[in-house]
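# Tertiary structure, described
Given next are the chains, with one letter for each unit.
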Amino acid sequence: MTRRRFETRAIHDGQDPDPTTGAVVPPIYQTSTFQQSAPAEHKGYEYARTGNPTRTALEACLASLEEGQFGLAFASGMAAITATAYLLSPGDHAVLPDDVYGGTYRLFVRVLERYGIASSFVDMTDLTRVEAALTPKTRMVLTETPTNPYLKILDIAAISELAHARDALVVVDNTFASPYFQRPLSLGADLVVHSTTKYLGGHSDVVGGAVVINSKDIYQTLKFYQNAAGAVPSPFDCWLVLRGVRTLGIRMDRHAANAIAVAESLRDNPAVTRVFYPGFPEHPGHDIARKQMSGFGGMVSFVVRGGLESARRVASSTKIFILGESLGGVESLLDHPASMTHASLAGSSLQVDGGLIRLSVGIEHVHDLVDDLHQALAKVR
Ligand code: P1T
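Residues numbered from 1 in each chain as written. Predicted model: local features only at pLDDT ≥ 70, side-chain atom pairs only at ≥ 80, totals over all residues. Heavy atoms only, no water.

## Examining the nonpolar core
Spelled out, the test is: To qualify as a nonpolar core, a set must consist of buried Ala, Val, Leu, Ile, Met, Phe, Trp, Tyr and Cys residues joined through side-chain atoms within 4.5 Å. The buried label goes to any residue with under 20% of its type's maximum accessible area, the exposed label to any with over 50%, and the partly exposed label to all in between, with areas taken from a 1.4 Å probe on protein chains only. Labels follow the DSSP assignment, with helices taken as runs of H or I lasting at least four residues and strands as runs of E lasting at least two, numbered in each case from the N terminus. Segmentation of the chain into domains, including their bounds, is taken from an automatic or database domain assignment. By definition in these notes, contact holds between two residues if any of their heavy atoms fall within 4.5 Å.
Counting residues in hydrophobic clusters, the biggest one holds 60 residues, and the most contacted among them are Val-262, Leu-266, Val-300, Phe-302 and Leu-359. The greatest single-element share of this core, amounting to 7 residues, is contributed by helix 10 (residues 248-267). Residues from two domains meet in this core; each of domain 1 (6-245) and domain 2 (248-377) gives at least three. Excluding residues that lie within four positions of it along the chain, Val-262 makes contacts with Leu-359, Val-361, Val-366, Leu-369, Val-370 and Leu-373. Membership of the second largest hydrophobic core comes to 30 residues, among which are Leu-72, Ala-80, Leu-107 and Phe-121.

## Quick word on the domain arrangement of the protein chain
Convention followed: Simply put, the buried area is the total loss of 1.4 Å probe accessible area from both parts when two parts are fitted together. Just to be clear on terms, a salt bridge is a Lys or Arg side-chain nitrogen sitting within 4 Å of an Asp or Glu carboxyl oxygen.
For the protein chain, the domain assignment lists domain 1 (6-245) and domain 2 (248-377). Centre-to-centre separation of domain 1 and domain 2, based on C-alpha positions: 25 Å. Taken together, the contacts link 39 residues of domain 1 with 41 residues of domain 2. When the area that domain 1 buries against domain 2 is broken down by residue, the three leading residues are Tyr-150, Phe-181 and Tyr-199, summing to 26%. Seen at the junction of domain 1 and domain 2, the total is 1 salt bridge.

## A few points about the sheet that holds strand 2 (residues 93-97)
For the record, the criterion: Two strands qualify as a pair provided that DSSP identifies no fewer than 2 bridges between them. As a rule, the C-alpha atoms of each element are fitted with a line to give its axis, helices using only the stretch in contact, and angles between N-to-C directions run from 0 to 180 degrees.
Sheet architecture is open: 7 strands sit in the order 1-7-6-5-4-2-3, paired in mixed fashion. Looking at the sheet topology across the chains shown, the edges are occupied by strand 1 (70-74) and strand 3 (118-122). With direction set aside, neighbouring strand axes in the sheet form an average angle of 20 degrees. As judged from the 3 bridges shared by strand 5 (residues 169-173) and strand 6 (residues 191-195), these two strands associate in the parallel manner. Of the residues in strand 6, the one forming a bridge with Val-171 is Leu-191. On the sheet, helix 2 (residues 53-65) packs against strand 1 and strand 7 (209-213) and is oriented at approximately 130 degrees with respect to strand 1. Across the face of the sheet, helix 4 (residues 102-111) comes into contact with strand 2, strand 3 and strand 4 (138-144) while running at roughly 145 degrees to strand 3.

## Side note on unusual backbone geometry
Pro-146 follows Thr-145 through a cis peptide bond whose omega is -5 degrees. Note that Pro-146 resides in the loop between strand 4 and helix 6 (156-165). In this structure, Pro-149 follows Asn-148 across a cis peptide bond, with omega equal to 15 degrees. Looking at the secondary structure, you find Pro-149 in the loop between strand 4 and helix 6. In this structure, Glu-67 takes a positive phi of about 55 degrees despite not being glycine. Mapped onto the elements, Glu-67 comes out in the loop between helix 2 and strand 1. Phi angles above zero are rare outside glycine, and Ser-204 is one such case at about 50 degrees. Following the sequence through the fold, Ser-204 ends up in the loop between strand 6 and strand 7.

## So, the sheet that holds strand 9 (residues 299-304)
Read from one edge to the other, the open sheet built from 5 strands follows the order 8-9-12-11-10, with strand pairing classed as mixed. The outermost strands of the open sheet, each flanked by one partner alone, are strand 8 (272-276) and strand 10 (322-323). Bridging between strand 10 and strand 11 (residues 333-335) involves 2 bridges; their strand directions are parallel. Across the sheet, residue Ile-322 finds its bridge partner in strand 11, namely Leu-333. In the packing of helix 12 (residues 307-315) onto the sheet, the strands contacted are strand 9, strand 10, strand 11 and strand 12 (356-360), and the crossing angle to strand 9 comes to about 130 degrees.

## With respect to the site of the ligand
For clarity, the threshold we go by: The cutoff for a nearby residue is simple: one of its non-hydrogen atoms must lie within 4 Å of the molecule or strand. The definition of a polar contact used here is a pair of N or O atoms within 3.5 Å, where within protein one atom must be able to donate a hydrogen and the other to accept one, and adjacent residues in sequence count solely through side-chain atom pairs. All residues other than Ala, Val, Leu, Ile, Met, Phe, Trp, Tyr, Cys, Pro, Asp, Glu, Lys and Arg, Gly among them, are scored as polar; the first ten of these are nonpolar and the last four charged.
Near the ligand you find 19 residues, and of these Asp-173, Thr-197, Lys-198, Ser-326 and Arg-358 are the closest. Between an oxygen atom of the ligand and a side-chain N or O atom of Ser-195, the distance comes to 2.8 Å. One nitrogen or oxygen atom from the main chain of Ser-326 is found 2.8 Å from an oxygen atom belonging to the ligand. When residues in the shell around the ligand are grouped by element, the largest group, 3 residues, is from helix 3 (residues 77-85). Split into classes, the residues belonging to the shell around the ligand amount to 5 nonpolar, 9 polar and 5 charged. Two domains each put at least three residues into the shell around the ligand: domain 1 (6-245) and domain 2 (248-377).

## Some words on the packing of helix 2 against helix 9 (residues 235-245)
The line we're drawing: Each crossing gets its hand from how the near helix is turned against the far one by less than a right angle, where anticlockwise is left-handed and clockwise is right-handed.
Between helix 2 and helix 9, whose axes approach to 8 Å, the crossing angle comes to 35 degrees. Along this stretch, helix 2 crosses helix 9, giving a crossing that reads as left-handed. Contact with helix 2, carried on its side by Thr-54, Arg-55, Ala-57, Leu-58, Cys-61, Leu-62 and Leu-65, involves Pro-235, Cys-238, Trp-239, Val-241, Leu-242 and Val-245 of helix 9 and no other residues of that element. Its residues placed into classes, the contact of helix 2 with helix 9 shows 11 nonpolar, 1 polar and 1 charged.

This is the structure:
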């Protein structure tokens, strides 16, 4: 039988009707512990930090969508990235993009450095810089593509080849593309991480994270860390993400269609000096995006003429785009990275432009979204 398609797997994988009751939707197993018939004899579950059937359903579904063997769910995207970082030991070195989510930067610089793990941040669109950053101590290359917030496109296959030649693991944060548009494991990555808070959950009502892996060894190590460190999601949070995942495909199609229309209209606005969208043929990563993604996603970033003050004015003037951190929900969100999501980069060499605005384009009617942005931009003309 041919492999079921993405949309079918999103609705069915890991989600067989409940064997006890026939419930079509996986139940929320709101229990902290499970009865044992004799000491250490049980039906696969003993204590809910170690495992819970609602979490198992989500983990199986996410593994299937990423075309991986194993999934692990966490309490947040940062918990998933932290568990992945436990694969590193003191003395090891990691390479990350210079344009990375501020929380990931903060974890590597402010936390992991204290444990003897060094990291370098490089412009990974330039493969010679990736190669130059790899040292005999490099054990991990953690990438994000499209990057947050400049939407740079990084060549997953080429970076994987360089990293693997030095025995470094490749981790791809696939939060922005979602598995609907991009499957890094099939391009050579070893691990995929997600903030399920974003497109996978899709409704801005849950915080969560996930890791998907093909290697059984790495899976078993991370599963041990998941239980040992304990940053697990609640059954209800797993259920919410799973409910979101079922509509991922249709939401992503609409996010991407709205994003290209918004990006095009911004390009024509005199108050905007630059628009970043990987779907534009002139975007430097467009050809790689066409090769490794099946759609360009729902994120658009742009620079407002007049810099920081103008950007802050625009950010406070939209009526439909909600000024807030996060992304990937059905509602449109607007972020001023320099003072919000990427404020933890302040003072580092990785600062983002004060005039930059990042949009998570939602699935409202596109004309309303375009009108809203142009009325806000009119305030700085
Ligand atoms: O917020 P949390 O679920 O812990 O996920 C962290 C994270 C990881 N990776 C990427 C690419 C992310 O964008 C995030 C969270 N990002 C935001 C909150 C934001 O607004 O960019």
